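Observations on the three-dimensional arrangement
So you can see what is in the structure, the chains are spelled out below.
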Amino acid sequence: TESGGQQPASGAGVLGTWAVIATNFLVGTEPMRLWVVDVRDSRRAFSLQPFPDTALGLSCNPEKPALDVENRRILVNDLFADELAGVDVGPNGLSVAWRRPMLSIYFAPLVGSAANRELVLPDFNAGKHRLTWIDVRTGSLVARTQPVSGNMTSSYVVPGFDGRYFHITDEGGLYSVRAVR
């Protein structure tokens, strides 16, 4: 368990032979800490604070990180940091590969082949909800929808067929979108 101002994790995920957790499922007064523990040897455990400085000195990561097993990358965000980070798992620990602005509290699917993997999630920076596609390798924005009316209420953007994604709004709308490249 964490001490001080960190809060519990939402749950563990598995990235190859690593169990992965991110603290501060609830709002904490210390930055969220990302932990990996080797499931074969619990003496091999590493941690990192990908967002050491957050707004108002608060931190919250309400969803489990997205885990890209093939690229050994963890994708995690913090509500008060307003950022998303790609964190690499190496034999000697964790390192931040990239960080980018992103305000989201949703679970996010990873799609595409290992070489072309993308993270798809809602971003509501500037008070506008948009669905975004982020390149997992570089953290670059691949595509973004126009703002949607209403607030996205689904905790997960649902991938469909033919490159379509679905999400629900608080106004009762069901949206189907597709990235055009």
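Residues numbered from 1 in each chain as written. Predicted model: local features only at pLDDT ≥ 70, side-chain atom pairs only at ≥ 80, totals over all residues. Heavy atoms only, no water.

So, the overall build of the protein chain
Looking only at helices and strands, one finds zero helices and 15 strands in the protein chain. Scaling as 2.2 N^0.38, a compact globule of 181 residues should have a C-alpha radius of gyration of about 16 Å, and the protein chain matches this with 16 Å. Taken along the three principal axes of its C-alpha coordinates, the protein chain extends 45 × 35 × 25 Å. Relative to its 181 residues, the protein chain shows a buried fraction of 44%. (Helix = DSSP H or I, 4+ residues; strand = E, 2+ residues; numbered from the N terminus. Rg over C-alpha atoms; globule rule 2.2 N^0.38 Å. Buried < 20%, exposed > 50% of the residue type's maximum accessible area, 1.4 Å probe, protein only.)

Things to note about the sheet that holds strand β12 (residues 141-144)
On the basis of which strands lie adjacent, the open sheet formed by four strands has the order β9-β10-β11-β12 and antiparallel pairing. A strand with exactly one partner marks an edge of an open sheet, and here the two such strands are β9 (110-111) and β12. (Pairing = 2+ DSSP bridges.)

Quick word on the nonpolar core
Formed by 18 residues in total, the largest nonpolar core has its most connected members in L34, V36, I74, V87 and L94. Elements supplying a minimum of two residues to this core: β2 (18-22), β3 (34-38), β4 (45-48), β6 (73-78) and β7 (83-90). If we skip the residues at most four places from it in the chain, V87 touches L34, L48, P50, R72, R73, I74, V76, L94, S95, V96 and A97. In this structure, L75, L84, L121 and I134 belong to the second largest nonpolar core, which totals 10 residues. (Core = buried A, V, L, I, M, F, W, Y, C linked by side-chain atoms within 4.5 Å. Contact = heavy atoms within 4.5 Å.)

Regarding the environment of R117
Among the structural elements, R117 can be located in the loop between β9 and β10 (118-123). Along the backbone, R117 and W133 are 16 residues apart, and their C-alpha atoms lie at a distance of 9.8 Å. The residues contacting R117, other than those within four sequence positions of it, are D68, E70, N71, L110, V111, G112, I134, D135 and V136. One polar contact links R117 to E70, side chain to side chain, over a distance of 2.4 Å. (Polar contact = N/O pair within 3.5 Å; in protein donor to acceptor, adjacent residues only side chain to side chain.)

A few points about the pattern of salt bridges
As enumerated under the stated definition, the model contains eight salt bridges in all. Salt-bridge contacts for R43 lead to D41; the nearest nitrogen and oxygen are separated by 2.9 Å. We note a salt bridge from R73 to D88, for which the minimum N-O separation is 2.6 Å. Here R73 is found in strand β6, whereas its partner D88 is found in strand β7, with 15 residues between them in sequence. Exposure remark for R73: the relative accessible area of 10% places this residue in the buried category. Taken together, the shared-partner salt bridges connect D38, R40 and R44 into one network. (Salt bridge = Lys/Arg side-chain N within 4 Å of Asp/Glu carboxyl O.)

Quick look at the side chain of Q6
The residue Q6 is located in the segment before β1 (13-15) in this model. A polar contact is formed between the side chain of Q6 and the backbone oxygen of P31, at a distance of 2.7 Å. For Q6, the contacting residues outside a window of four places in its chain are T23, N24, E30, P31, M32, R33 and Q49.

Some words on unusual backbone geometry
Its identity as a non-glycine residue notwithstanding, N24 has a phi of 70°, on the positive side. Tracing the sequence through the fold places N24 in the loop between β2 and β3. In this structure, D82 is a non-glycine residue whose phi angle is positive, near 55°. According to the relative accessible area criterion, D82 is partly exposed, its value standing at 32%.

Here we look at the environment of S176
Relative to the elements of secondary structure, S176 occurs in strand β15 (residues 174-178). Those residues in contact with S176 that sit more than four places away from it in its chain are R164, Y165 and F166.

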